[in-house]
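Descriptive analysis of the structure
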Amino acid sequence: MSERQSIHGQWSNRLVFILAATGSAVGLGNIWKFPYIAGENGGGTFVLVYLVCIALIGIPIMMAEIMLGRRGKQSPINTMATLASEEGKSNGWAALGWMGVVAGFLILSYYSVIAGWAMSYVFRTGSGMFTGATADGVSSIFSDLVSDPEKLIAWHTIFMVLTMVVVSRGVKAGLEKAVTFLMPLLFALLLLVLGYSMTTGYFSQGLEFLFTPGEITGKAILIAMGHAFFTLSLGMGAIMVYGSYLPKTTSITQASLWVAFADTAVALIAGMAIFPIVFANGLEPGAGPGLIFKTLPIAFGHMEGGILIGVMFFLLVVFAAWTSAISLIEPAVAYMVENKGYKRVYSSVLIGIVTWFVGLGSVFSFNIWADKTWSIPFLFEDKNFFDTLDYLTANIMLPLGGLFIAIFAGWLMRKQASTEELNTLPVIYKVWLFLVKFVTPVAVIIVFLKAVSVI
Ligand code: TRP
């Protein structure tokens, strides 16, 4: 087989790939979503299921995605078609890539709206309006923001434009350097907030909430598993497309472990920083999507240098969201460049506009459409537009994508091909193969069935 080359270029080196993949993984999922869904689903057991899913499903699927991407060297749609035909299988496998493209753009449509909230919080914090604020004051400032569709649309628009700019230039340009120092800085600021939380007197209560197991429902297990995919950017081709720009020499195992570790550390620290503030101020752990915006400003309003720290913190959250957002549409953009011959700029703008429109549905979900909810039998009850999109993408489409990736990499690909591409120690290969062949498929199917109460 002659060596395939990606027409979109290659990462400059191994570190850049790890940074880009970490940039994709670490985002709103860690800082905004993880705390609020852990809060809504009772804490302890939910967190435990999430951690088990990261270890047994997330890491092996990440390795599989990178491996498939690096072997196929194209957008996930074409990569799957090429690899399937190489293995003598139907090119219907391209459908996996298509599902990823749809999932990615649906996720970005609401992701951008939430990133918009974080942007507006840079300025709110900077104005000093949180200084000395009470929990009630902070909550009502949040309500003011989300009840105003025009403001939300403005921020959503700005964030989409930022995303388009980077994707148009190719994910490498500019991004590499930005990620190198922004990610560590975000981590440092999270530690500062954690330090504040330790002074609230409710730190141990926060830890207890996050780490003491209790009851859990089938639905909560599905949400925990879905989140393992979401937070590691798996199941829709984002990591696959990043893998397609990866040089042959990089260790896929090491890179995957590092990304999963960094991602999990950020989520857990965010959780440990937020829950003590929740309990110290008599807030509800299940406060929903507004949780971080109702808690962290209290910390910034009461700590020394809180304005500066708060501004930097929300700015870094925006950056974290930005480096994640670009990976959500990179598969679609790469496909359009490959198959339609469109320029990157044109493809990005086109997809950006469609995504922006769909995002309006999520903007309205927090105000004028807040009561417009619906139910799908067995799946969910009373969800509005935003909740529906989030549920369908994170809890259904991503695990389904992961399931098929596992089946392809574990069952259909020749062992010789996967051994060669993973290029790792024989024992690691054996463990990986066992996990993708049996554990992932069985786990995803059981969790699906349990969530709809069939078992
Ligand atoms: N992982 C990112 C986060 O936690 C979001 C994200 C980026 C994503 N790319 C993805 C989620 C691909 C699912 C699939 O914020």
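Reading the values: the criteria
- Residues numbered from 1 in each chain as written.
- Predicted model: local features only at pLDDT ≥ 70, side-chain atom pairs only at ≥ 80, totals over all residues.
- Heavy atoms only, no water.
- Helix = DSSP H or I, 4+ residues; strand = E, 2+ residues; numbered from the N terminus.
- Polar contact = N/O pair within 3.5 Å; in protein donor to acceptor, adjacent residues only side chain to side chain.
- Pairing = 2+ DSSP bridges.
- Buried < 20%, exposed > 50% of the residue type's maximum accessible area, 1.4 Å probe, protein only.
- Lys, Arg positive; Asp, Glu negative; His and termini not counted.
- Salt bridge = Lys/Arg side-chain N within 4 Å of Asp/Glu carboxyl O.
- Contact = heavy atoms within 4.5 Å.
- 1 Å grid on protein atoms, 1.4 Å probe; cavity = no way out; pocket = protein on both sides within 12 Å on 5 of 7 lines; lining within 4 Å.
- Points joined across faces, edges and corners; volume = space filled by probe spheres on them.
- Nonpolar A, V, L, I, M, F, W, Y, C, P; charged D, E, K, R; others polar.
- Near = heavy atom within 4 Å.
- Areas by Shrake-Rupley, 256 points an atom, 1.4 Å probe, with all protein chains shown as cover.
- Sits in = over half its atoms within 2 Å of the grid points.

This paragraph deals with the environment of T82. Within the fold, T82 resides in helix α4 (residues 76–86). It is 42 Å that separates the C-alpha atoms of T82 and F314, two residues lying 232 residues apart in sequence. Only 2.7 Å separates the side chain of T82 from the backbone oxygen of N78, close enough to count as a polar contact.

What follows covers the pairing of strand β2 (residues 380–383). Pairing of strand β1 (residues 374–376) with β2 involves two bridges; the strand directions are antiparallel. Pairing of I376 across the sheet is with F380, part of β2. Hairpin connection, β1 to β2: the antiparallel pair is bridged by three residues, and F378 has positive phi, about 70 degrees.

Further remarks concern the side chain of K294. Mapped onto the elements, K294 comes out in helix α13 (residues 291–302). Despite its burial, K294 pairs with no opposite charge, the nearest such side chain being E40 at 9.6 Å. If we skip the residues at most four places from it in the chain, K294 touches V138, S139, F142, L283 and A287.

With that settled, consider the layout of surface pockets. Considering only enclosed or pocket space, the largest pocket measures out at about 300 Å³ in volume. Lining the largest pocket are 18 residues, with E40, I223, K383, D390 and Y391 positioned closest to its centre. Sorting the residues of the lining of the largest pocket by element identifies α2 (28–40), α10 (218–231), β2 and α16 (385–412) as the ones contributing at least two each. The element that contributes the greatest number of residues to the lining of the largest pocket is α16, accounting for five residues. When grouped by side-chain class, the residues that make up the lining of the largest pocket number eight nonpolar, four polar and six charged. Every residue lining the second largest pocket is counted, 14 residues in all, and those nearest its centre are T22, M183, P184, W258 and A262. Sorting the residues of the lining of the second largest pocket by element identifies α1 (14–25), α8 (175–198) and α12 (252–280) as the ones contributing at least two each.

For the rest of this paragraph, the subject is the site of the ligand. Neighbouring the ligand are 17 residues, the closest being G29, Y111, F230, S233 and S327. Taking Y111, its side chain carries an N or O atom lying 2.5 Å from an oxygen atom of the ligand. For the ligand, a nitrogen atom lies 2.9 Å from a polar atom in the side chain of S327. Within the complex, the protein chains bury 100% of what would otherwise be the 360 Å² of accessible surface of the ligand. Of all the cavities here, the one that holds the ligand is the largest cavity. Secondary-structure elements contributing two or more residues to the shell around the ligand are α1, α2, α5 (94–126), α10 and α14 (306–340). Here the residues of the shell around the ligand sort into nine nonpolar, eight polar and no charged.

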